[in-house]
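Next come the chains, spelled out residue by residue.
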Amino acid sequence: MADSAGSSMEARAQRGRRQRLASLCQRAGLMPLGRAVRQLLRHDVRILAYHRVLESAEPDAFVFDPELISASAGMFRKQMQLVRRRFHPLRFDELLDCIDRGRAPPPRSVLVTFDDGYDDNYRIAWPILQEAGLSAMFFVSTGHIESGAPYAYDWLAHMLTVAPEGELALPEIGLQARLHGPPAARREVVAEVLDRLKALDAPAQEALIGRLEEVLAMPRAGGHDDCRPMSWDQLRRMHASGMEIGSHGVNHRMLAKLSPALIEEELAGSRQAIGREIGVHAQVLSYPVGGRDAYDGTVVDIARACGYRLACSYISGTSGLEPANRYGMPRLPVERHMDLGWFEAMLSLPEVFSHTSRNRGH
């Protein structure tokens with residue numbers, strides 16, 4: 001696990017450097033100037049990518065993947081207030097209208113998105129969005145909305161976090177993992193296993209997770225209070241209040257690792273479910289995991305044929321509206337380590353302050 005520990009240390013060092021530089025720029029009053037200069041040079045939109053908002057960004061005894069915590073409730077409130085105050089909040093239906101009319105989006109446009117469909121999106125994030133007078137797009141995996149089952153990657157992280165101490169053989173990914181210590185001490189193992197797992201094809205991923213459920217006697221069917229999807233009733237209330245609902249597939253599977261027939265089942269099935277339950281067919285898709293190996297030309301062609309007009313990746317960056325970009329729109333991941341200064345700096349000068357693109361997202 002030495003490579004994983006080394007990359008984690010480097011990631012922490014990069015976060016520290018960005019945080020310090022953002023603080024210096026804030027104190028020097030450079031952010032307004034940076035936004036103004038960039039506005040002259042770039043005509044793009046910023047799409048923020050969130051997963052979970054919890055009361056604390058570092059909850060005690062959290063037995064799931066902490067990397068999916070995007071912000072605490074208090075920090076998310078400050079972030080949304082800043083978006084409202086210093087940028088131009090935009091919805092995806094407004095963005096599509098700009099495309100249809102051949103118009104550029106307003107300067108400093110920001111769209112807010114959430115992936116997966118965790119119930120804390122409803123309990124915590126939605127009231128804060130309403131309070132700030134903002135809308136967001138919630139990309140949901142419809143099979144999990146219907147079943148209430150935890151997401152497979154979450155359950156794998158959970159099993160590795162709470163399993164008895166000892167050696168765990170994972171020949172499918174060429175790894176012998178040593179599990180020991182409290183949840184925080186196992187995060188390097190969790191990150192390494194998840195990254196290697198996502199290099200496998202979808203059936204192999206599912207087989208490995210299913211095998212561990214049996215070996216560790218931790219069936220996912222039992223669920224867990226700290227990792228529940230939203231319900232359709234909750235999503236209907238959110239949509240009625242002005243939130244947008246988009247697709248994240250049916251079963252949160254990496255689409256490029258499926259056959260064309262299964263890709264179509266994931267994309268057409270989720271779009272039909274959203275249309276049936278919400279009353280509006282999804283126009284926008286977020287690719288599950290969203291890294292460079294999560295979607296390809298075949299996935300894009302099928303997404304277009306299924307009726308999606310835009311699609312988001314989890315690759316870090318901002319988005320132009322040229323036709324070639326519309327089915328692989330980058331986003332700006334928001335993560336729990338960010339203070340408000342870094343968040344503003346990322347929106348002001350994303351080329352300098354955004355996270356380095358991950359090989360894979362969540």
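This write-up is about the structure you can find in this document. (Residues numbered from 1 in each chain as written. Predicted model: local features only at pLDDT ≥ 70, side-chain atom pairs only at ≥ 80, totals over all residues. Heavy atoms only, no water.)

**With respect to the environment of Ala 311**
Under the convention used in this document: Under the DSSP-based scheme used, a helix requires at least four consecutive residues in state H or I and a strand at least two consecutive residues in state E, with every element numbered from the N terminus. Burial classification: accessible surface area is computed with a 1.4 Å probe over protein chains only, and a residue below 20% of its type maximum counts as buried, one above 50% as exposed, and the rest as partly exposed.
Structurally, Ala 311 can be placed in strand β11 (residues 310-316). Ala 311 gets classed as buried once you look at its relative accessible area, which sits at 0%.

**Considering unusual backbone geometry**
Positive phi outside glycine occurs at Arg 108, with the angle close to 60 degrees. Mapping Arg 108 onto the fold places it in the loop between α4 (92-101) and β5 (109-116). One non-glycine residue, Asp 116, adopts positive backbone phi at about 95 degrees. Mapped onto the elements, Asp 116 comes out in strand β5. Asp 116 gets classed as buried once you look at its relative accessible area, which sits at 2%.

**Focus: the packing of aromatic side chains**
The line we're drawing: Aromatic rings from Phe, Tyr and Trp, with only the six-membered ring used for Trp, were paired whenever their centres fell within 6.5 Å, and each pair was classed as stacked if the ring planes differed by under 30 degrees, edge-to-face if by over 60, and tilted otherwise.
Scanning all chains against the criterion turns up ten aromatic pairs. When the ring of Tyr 50 is compared with that of Phe 114, the centres are 5.1 Å apart and the planes differ by 20 degrees; the resulting orientation is stacked. Taken together, the positions of Tyr 50 in strand β1 (residues 46-50) and Phe 114 in strand β5 put the pair 64 residues apart, joining distant regions of the chain. A centroid spacing of 4.2 Å and a plane angle of 5 degrees characterise the contact between Tyr 287 and Tyr 295, whose relative ring orientation is stacked. An aromatic cluster is built from Tyr 50, Phe 76, Phe 114 and Phe 138, whose rings are joined through pairwise contacts.

**Digging into helix α10 (residues 232-240)**
Heads up, the rule is: Each direction from the helix axis to a C-beta atom contributes to the arc, which is the arc of those directions.
Every buried residue belonging to α10 is among Trp 232, Gln 234, Leu 235 and Met 238, and all of these are buried. Relative to the axis of α10, the buried residues are bounded by an arc of 155 degrees and lie together on one face. Positive backbone phi, approximately 115 degrees, marks Gly 242, located one or two places after α10.

**Some details on the packing of helix α3 (residues 73-86) against helix α5 (residues 119-132)**
Stated precisely, the cut-off is as follows: With axes taken as lines fitted to C-alpha atoms, and helix axes fitted only over the stretch in contact, angles between N-to-C directions fall between 0 and 180 degrees. Our angle categories are set so that under 35 degrees counts as roughly parallel, over 145 as roughly antiparallel, 65 to 115 as roughly perpendicular, and the remainder as oblique. Here a crossing is taken to be left-handed if its near helix is turned anticlockwise relative to the far helix by less than a right angle, and right-handed if that turn runs clockwise. Residues are treated as being in contact if the distance between any of their heavy atoms lies within 4.5 Å. Under the scheme applied here, ten amino acids are nonpolar (Ala, Val, Leu, Ile, Met, Phe, Trp, Tyr, Cys and Pro), four are charged (Asp, Glu, Lys and Arg), and all others, including Gly, are polar.
One way to put it is that α3 packs onto α5 with a least axis distance of 10 Å and a crossing angle of 30 degrees. Between α3 and α5, the angle is such that the two are roughly parallel. Seen from above, α3 lies across α5 with right-handed handedness. Contacts between α3 and α5 involve Ala 73, Phe 76, Arg 77, Met 80, Gln 81 and Arg 84 from the former and Ile 124, Ala 125, Ile 128, Leu 129, Glu 131 and Ala 132 from the latter. For the contact of α3 with α5, the per-class residue count stands at eight nonpolar, one polar and three charged.

**Structural notes on a nonpolar patch on the surface**
The criterion, for reference: Each patch is built from salt-bridge-free residues with over 30% relative accessible area, joining like charges within 9 Å and nonpolar side chains (Val, Leu, Ile, Met, Phe, Trp, Tyr) within 5 Å. To measure how exposed things are, a 1.4 Å probe is used in the Shrake-Rupley method; for residues, cover is taken only from the protein chains shown. Any Lys or Arg side-chain nitrogen found within 4 Å of a carboxyl oxygen on Asp or Glu counts as a salt bridge.
Residues Leu 21, Leu 24 and Val 352 make up a contiguous nonpolar surface patch of roughly 250 Å² in combined accessible area. Position of Val 352 among the secondary structure elements: in helix α14 (residues 350-353).

From the geometry alone we can't say anything about function, so treat these as descriptive.
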